[in-house]
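These are the residues of each chain, in order.
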Amino acid sequence: MRGLGTIINVAAIIAGGLIGIFFKRYIKEHYQETIIKVTGISVIFLGAAGSLSKMLAVNPATGALETQKSLMMILSLVLGALIGEIINIEGAFERLGEWLKMKSGSSGDTRFLDAFLTASFTVCIGAMAIIGAIEDGLYGDHSILVAKAILDLVIIVIMAAAMGKGCIFSAVPVGILQGSVTLLSGFLAPVMTAGAAANLSLVGNILIFCVGLNLIRPKTVRVANLLPAIVIAAAFAFVPGMG
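Reading the values: the criteria
- Residues numbered from 1 in each chain as written.
- Predicted model: local features only at pLDDT ≥ 70, side-chain atom pairs only at ≥ 80, totals over all residues.
- Heavy atoms only, no water.
- pLDDT = per-residue confidence, 0-100.
- Helix = DSSP H or I, 4+ residues; strand = E, 2+ residues; numbered from the N terminus.
- 1 Å grid on protein atoms, 1.4 Å probe; cavity = no way out; pocket = protein on both sides within 12 Å on 5 of 7 lines; lining within 4 Å.
- Points joined across faces, edges and corners; volume = space filled by probe spheres on them.
- Nonpolar A, V, L, I, M, F, W, Y, C, P; charged D, E, K, R; others polar.
- Salt bridge = Lys/Arg side-chain N within 4 Å of Asp/Glu carboxyl O.
- Buried < 20%, exposed > 50% of the residue type's maximum accessible area, 1.4 Å probe, protein only.

Enquirer: Whenever I open this one, the confidence of the model for the chain confuses me. Can you help?
Expert: Parts of the model with low pLDDT should not have their predicted coordinates read in detail. Overall, the predicted model of the chain reaches an average pLDDT of 90, with 100% of residues at or above 70. Taken element by element, the predicted model of the chain shows its lowest mean pLDDT in strand S1 (residues 56-58) (83) and its highest in helix H3 (residues 70-87) (96).

Enquirer: Where do I start with the layout of surface pockets in this structure?
Expert: Approximately 610 Å³ is the volume found for the largest pocket. The wall of the largest pocket is formed by 24 residues, among which Ile130, Leu177, Leu227, Ile230 and Val231 lie closest to the centre. Going through the elements one at a time, helix H4 (89-103), helix H5 (112-124), helix H8 (171-183), helix H10 (194-216) and helix H11 (228-236) are the ones with two or more residues in the lining of the largest pocket. Counting residues per element, the lining of the largest pocket draws most heavily on H11, at five residues. Classifying every residue of the lining of the largest pocket gives 23 nonpolar, one polar and no charged.

Enquirer: What is the right way to look at the environment of Val203 in this model?
Expert: With respect to the element layout, Val203 can be found in helix H10. Sequence spacing of Val203 and Gly126 is 77 residues, and the spatial spacing of their C-alpha atoms is 8.5 Å.

Enquirer: Honestly, the pattern of salt bridges in this entry has me stumped. Any pointers?
Expert: Per the counting criterion, the structure on display carries three salt bridges. Residue Arg111 pairs with Glu33 through a salt bridge whose shortest N-O separation is 3.4 Å. On the criterion of sequence distance, the pair formed by Arg111 in the loop between H4 and H5 and Glu33 in helix H2 (residues 29-55) is long-range, its members being 78 residues apart. With its nearest N and O atoms 2.7 Å apart, the salt bridge here joins Lys148 to Asp152. Residue Lys148 and its partner Asp152 are both found in helix H7 (residues 143-163); the two are separated by four residues, about one turn of the helix. Taken as a pair, Lys148 and Asp152 share a single burial class, namely buried.

Here it is in structure tokens:
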């Protein structure tokens, strides 16, 4: 069944959120703050590791460690930030979060929006979401999204225990994003080459780094407004000398 991978992923996020909220009752407030900071540090290291794994390479001739794709990364982030700020993607996410907050009867939850945004960016951004959804749509292969679902479940348990039920609703953008990619997989597959996937992963992991930074120092980076950088990075794979 095509689309099953996204259904499993959404279910895992909801389950993780419910488990996290259950444990939140037994965690003192100042413990929750510490957990948020530690989670932020963990996300920063995950993002940094993912990016560096694509940027660092050993020169076969000299054996020296060299960097690559630096110009592509900088241009993708700058152009992506410019586009994102012009169309204000962050504002759209905030409006969705406020709507979900109202519809879920969470008007009194002051942390709902931050929890929703932080969790959404953490579980939506990354190559696994795109590549996994394409594999699901073309071949009915759910393996990548099932692996992502397990990772997301663990992440959301921790986040929900510290930030609250807003994290559960990150299942909504995950369902929309991955479901759309699955439906459009026939059109996306030809352009999602190994080079495009590598670029997407590099820049996507930098955005995940920014999510971790926001957990430690709230609202430092408007991560949603950087999302176009992922598309630009993938497109650079087809530009000679930039792939």
